[in-house]
Each structure stands twice: as C-alpha cells, then as structure tokens.
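Here is how the chains run, residue by residue.
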Amino acid sequence: MHYVQFINPQFLMNLLYGCPVLEDLEILHVYFDDSDLGSNDTSFNDSPFEGQVKSLSNLVRAKVFFHLAFHIPVKAFSNAQFLHLNKCDAGIPVFPNLTYLEISFKRHSLKWNLVLDMLNHCPKLQTVVFDIRLDDDEVWPDPGFIPKCFSTHLRKCFIKGYAGVDCQMRFARYVLQNATLLRSLIICSRYSQNHQRKLEMITELASYPRSSAVCELLFK
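Nothing here was measured: the structure is a model prediction, and the numbers come from that model. (Residues numbered from 1 in each chain as written. Predicted model: local features only at pLDDT ≥ 70, side-chain atom pairs only at ≥ 80, totals over all residues. Heavy atoms only, no water.)

Engineer: Explain the confidence of the model for the protein here, please?
Structural biologist: Detailed reading of the predicted model is not advised wherever pLDDT is low. Of all residues in the protein, 85% attain a pLDDT of 70 or more, and the chain-wide mean is 84. Across residues 35–50, where pLDDT falls below 50, the model places 28 contacts with residues more than four positions away in sequence or in other chains. (pLDDT = per-residue confidence, 0-100. Contact = heavy atoms within 4.5 Å.)

So this is what it looks like as structure tokens:
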C-alpha cells in the first residue's frame, strides 16, 4: 500500500485482519479522511480501537513507513522475522521471531530510549540497521540494561547517516562494549568526502573497547 487513504484507522486494521495468511506487508504512507496529505492529526493511540490491536499471526516481512502524525502500534507486527520501521512507540511487545530489524528515523522522531527498549524486546535479533538522519544532537539516555540479544544472537550492526555527534558515538560504544557475539559494526558516514572528519571519527570509534574478540569495525 503506497499513499493509500482510509476513512479511519480501524478500516485499515480491518483490512489487515481480513488477510489471515498475509506474510509480506509494505505500507509506505497511509492517510485518513478529513485531513490533507501534509497535516493529519489522527493517532491510532488516541482512538477507541487501541485495545483491539493484535499481531498478524503469519507475518514474515513488514516494511511500514507512516507519516508524522499517525502510526499503528508495533504490536501488530510483533510476529515478523524481518521488520523495517520509521517509528516505534511505548508499550513495545516481545518480538519472538525477529532476526532482522531496520529503523529509519529523522531528528523529529529520534527517541533513543524507545529504540533501546525495542532492542530489549527482540531476543533473537541477529542484524540491526539504524538509518539516522539528524542534524542536531540528541541526549543519550544511559539505559542501565543490556538487551538479551547482545549476548545471544546479535552479529551485525549498521549505523547509516553517522555524523559523529555525541549520542551516536555513545550508542556505537554501547554496542561495542556489550554485544559479546558481534562480528561487525558497519558505520556509513555522512562525511564520505571529508577525509579528515572521517579519520577523526574512525580514531574515536577504534579506541572503544570491544567485548567481542572477532568484531570488525568497518567505516564507509
């Protein structure tokens, strides 16, 4: 579903629940009636249907991009094995089957505490990709916990749009210090043409201790 408009959020959910064997889902922007494409104030979390949200039982792959004002609680996608989101909300459920997670977020939607909470609910996660597009720094929350997948399954971590701001460096250090089975941390820098800036970031990242003896730090 690409740029599809519904009368209200429940109609979208009714459609999804009416597809009981659905395995692959891609939603790239969904809009609702009596609002224009740029300013929609409808929030599923504010609707009377929030308590009825349930997971799609046969879902394997989901790519779900909602615009700023609306999103479905991630519980609906909690059975997926491969998941790509541009939002995550509070009240995150366990993702028992998830092995690949990609989160794309911009400065206005960056909430590190929710990102870390989501990692903490993905016990079998093997690969995580963060596509970060931000210009300003965001406060690092210092979580005080280590997601279970860091010591059991996580092998690869990609950080795209890396600008070397404090919260990004703290997150990279958090992964390196705690992911005991990590094989590679791949950094995709926003400063690919600025060799001096890249060198500074590489030097900083390379100085962090790694809990995995086989972990490679790759910089692009």
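Let's pick the thread back up.
Engineer: Just checking my understanding: could you explain the sheet that holds strand β4 (residues 82–85) for this structure?
Structural biologist: Backbone hydrogen bonds are what pair the strands of a sheet, in a parallel or an antiparallel way. If you trace the nine strands from one edge of the open sheet to the other, you get β1-β2-β3-β4-β5-β6-β7-β8-β9, paired in parallel fashion. Here the strands that pair on one side only, and so sit at the sheet edges, are β1 (2–6) and β9 (216–219). Strand-to-strand twist of the sheet, defined as the mean angle between neighbouring strand axes without regard to direction, takes the value 15°. Of the pairings in the sheet, the one linking strand β2 (residues 24–32) to strand β3 (residues 61–65) comprises five bridges and is parallel in character. (Pairing = 2+ DSSP bridges. Helix = DSSP H or I, 4+ residues; strand = E, 2+ residues; numbered from the N terminus. Axes fitted to C-alpha atoms, helices over the stretch in contact; angles between N-to-C directions.)

Engineer: Is there a simple way to explain the packing of aromatic side chains in this structure?
Structural biologist: Describing an aromatic ring pair means giving the distance of the ring centres and the angle of the ring planes. Within this structure, the stated rule accounts for seven aromatic pairs. In textbook terms, an aromatic cluster arises when at least three aromatic residues are bridged by ring pairs, as seen for W112, F130 and F171. One Lys or Arg, K63, reaches over the ring of F65 and ends 5.7 Å from the middle of that ring. For the cation-ring pair, R173 lies above Y208, with the distance from its terminal atom to the ring centre recorded as 5.1 Å. (Phe/Tyr/Trp six-rings, centres within 6.5 Å; stacked < 30°, edge-to-face > 60°. Lys NZ or Arg CZ within 6 Å of the ring centre and 35° of its normal.)

Engineer: Would you explain the pattern of salt bridges in this entry?
Structural biologist: As a working rule, side chains carrying opposite charge can pair if their charged atoms are close by. Enumeration over the complete set of coordinates arrives at four salt bridges. R61 serves as the salt-bridge partner of D24, at 3.7 Å between the closest nitrogen and oxygen. Taken together, the residues D24 in strand β2 and R61 in strand β3 connect sequence positions 37 residues apart. Residue D24 is classed as partly exposed on the basis of its relative accessible area of 44%. Of the residues examined, R61 reaches a relative accessible area of 43% and is grouped as partly exposed. Across the pair E102 and K160 runs a salt bridge whose closest N-O atoms are separated by 3.8 Å. Here K160 lies in strand β7 (residues 156–162) and E102 lies in strand β5 (residues 100–106), a separation of 58 residues in the sequence. (Salt bridge = Lys/Arg side-chain N within 4 Å of Asp/Glu carboxyl O. Buried < 20%, exposed > 50% of the residue type's maximum accessible area, 1.4 Å probe, protein only.)

Engineer: Just to check I follow, could you spell out the environment of F130 for this structure?
Structural biologist: As for its placement among the helices and strands, F130 is situated in strand β6 (residues 127–133). A relative accessible area of 0% means that F130 is categorised as buried. As a C-alpha pair, F130 and I159 span 29 residues in sequence and 4.9 Å in three-dimensional space. F130 has contacts with I103, F105, V115, L119, C157, F158, I159, K160 and F171, leaving out every residue within four places of it along the chain.

Engineer: What exactly am I supposed to notice about the environment of V53 here?
Structural biologist: Summarising the element assignment, V53 is placed in the loop between β2 and β3. V53 gets classed as buried once you look at its relative accessible area, which sits at 5%. Taking the C-alpha atoms as reference points, V53 and K75, 22 residues apart in sequence, are found 7.1 Å from one another.

Engineer: Just to check I follow, could you spell out the packing of helix α2 (residues 112–119) against helix α4 (residues 166–178) for this structure?
Structural biologist: Between two packed helices, the angle of one axis relative to the other and the distance separating the axes together describe the packing. Between α2 and α4, whose axes approach to 13 Å, the crossing angle comes to 15°. With respect to α4, the element α2 is oriented roughly parallel. The two elements α2 and α4 meet at a crossing, and its hand is right-handed. Judged by residue contacts, W112, L116 and L119 of α2 engage C167, F171 and Y174 from α4. Of the residues that constitute the contact of α2 with α4, the class distribution is six nonpolar, no polar and no charged. (Parallel < 35°, antiparallel > 145°, perpendicular 65-115°, else oblique. Left-handed = near helix turned anticlockwise from the far one by under 90°. Nonpolar A, V, L, I, M, F, W, Y, C, P; charged D, E, K, R; others polar.)

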